[in-house]
Amino acid sequence: MEKLLVKGRKRLVGEVMISGAKNAAVAVLPAAIMAGGKSVLENLPNIEDVSCICNTIEKLGGKCIHKDKHTIEIDCSGGIDYCATFEEVQRIRASYYFLGALLARYKKAEVAMPGGCNFGKRPIDLHLKGFRALGATVEEECGFVRAYADKLVGAPIYMDQVSVGATINIMLAATMAEGVTTIENAAKEPHVVDTANYLNMMGANIKGAGTDVIRIIGVEKLNGAQYAIIPDQIEAGTYMIAAAITGGDVLVKNIIPKHMDSLTAKLVEMNVKMEEGDDSIRVMANKPLRGVNVKTMSYPGFPTDLQPQMAALLSICNGTSVITENVWENRYQYIEELCKLGAKVDINGRIATIEGIPHYQGAKVEATDLRAGAAMILAALAAEGTTQIDGVRYIDRGYEDVEMKLSALGADIQRVLDKG
């Protein structure tokens, strides 16, 4: 097992290039299997979740040809299997997108129940409700979901709650349904828009992505397309917080600044200076930081995927901060690890009250999930002494070359093999 060793209290200075968006890539890749021709996907992050999706496509009978580190050609023109029931599918949450994609192309799909990070109940009932509204029969048994239909027919679908995964999955299935589908109370996240843009490049007819009503006119077939994935909003936010937590001066490049508005506003409120460019944000933290209150919400609100990283920062700010987690019920399981480094946090249901401390003290901690792993790295960067972070496999799911990028900014971080 690998671990990260971080010697903290090093000020980060320099430039960092942000990779393609994990959350967009894991939706766009399954969408590619719907095409009758080849697709070339660019700016893909070189991370474990992308490898897992590609392995699944190949096991289904498709081809994934790596043109370079961040470009993959997907070719499923010869047809693929509709049963994705093997181990890779169970490793990541986003494997449920194969349900919508296979159902759209073949009108039948059998997919193992998805896995991923465990921070609360994450049922896929909204996904299945949407498939049923389109005319599919859906069965759940023995860890599998089976969906099939003679044909899919467009329908009005109202989302009981905002769900990114369900919005994208229903959009995939509806793309090749007969007639018109409307998804109301749809998620507006950037990767919803990115997936819709890619589908439209392939010949789909989708309007309204990025608003709360998406309208889809079904088409008979899709063609391959060349498409570049958007930059990763969450990776960008993680490095912005890394600059703030170390009192650094970092230019975060290859981003869409608009996607960062909710975080930028909070950092400014905390006394961090920001300079926004066309595709970059410079983060300068040379003043004492003050605590703030944060509530996670669906986009354009503060993202739940940046909540653990923000908690790591707020723990060394002056005063009291309050985080309200409105998305996942059990996302605070990393707090126990953060407290090993000295954080003072009180949890009451979905509310975390944080009392600022002067600094962290290095210790041995574990990444309990992907974004919790990022929070451990951030806290370690601001800690006296050395911090050992176990569970690096979670971090690799969503962050490309994390120790190399941080080292280039001046961090003392290294990956070692735990022989114990």
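Our structure's up above, just so we're on the same page.
Heads up: these notes are all about the structure in this document. (Residues numbered from 1 in each chain as written. Predicted model: local features only at pLDDT ≥ 70, side-chain atom pairs only at ≥ 80, totals over all residues. Heavy atoms only, no water.)

Focus on the overall build of the protein
Across its full length, the protein carries 14 helices and 26 strands. Relative to the 2.2 N^0.38 estimate, which gives 22 Å for 420 residues, the radius of gyration of the protein is 21 Å and therefore close to what a compact globule would have. Counting only C-alpha atoms, the protein reaches 65 × 45 × 40 Å along its principal axes. Each of the 420 residues in the protein was classed as buried or not, and the buried ones make up 57%. (Helix = DSSP H or I, 4+ residues; strand = E, 2+ residues; numbered from the N terminus. Rg over C-alpha atoms; globule rule 2.2 N^0.38 Å. Buried < 20%, exposed > 50% of the residue type's maximum accessible area, 1.4 Å probe, protein only.)

Re the nonpolar core
Grouped together as the largest cluster of nonpolar side chains are 82 residues, with contacts concentrated most on Leu41, Ile74, Tyr198 and Leu199. When residues in this core are grouped by element, the largest group, 8 residues, is from helix H1 (residues 22–32). Every residue in contact with Tyr198, bar those within four places of it in the chain, is listed here: Val28, Ala31, Ala32, Ser39, Leu41, Ala225 and Tyr227. One finds Ile234, Met270, Leu289 and Ile413 within the second-largest nonpolar core, a separate group that totals 73 residues. (Core = buried A, V, L, I, M, F, W, Y, C linked by side-chain atoms within 4.5 Å. Contact = heavy atoms within 4.5 Å.)

With respect to helix H8 (residues 233–245)
The end-to-end C-alpha distance of H8 is 18 Å, a good match for the 18 Å that 13 residues give at a rise of 1.5 Å each. Taking burial as the measure, the 13 residues of H8 include 13 buried ones, the bulk of the element. The N-cap of H8, judged by a side-chain oxygen 2.8 Å from the amide nitrogen of Ile234 a few residues on, is Asp232. Of the residues flanking the end of H8, it is Gly247, one or two places downstream, whose phi is positive at about 65°. (Expected span 1.5 Å × (residues − 1). Polar contact = N/O pair within 3.5 Å; in protein donor to acceptor, adjacent residues only side chain to side chain.)

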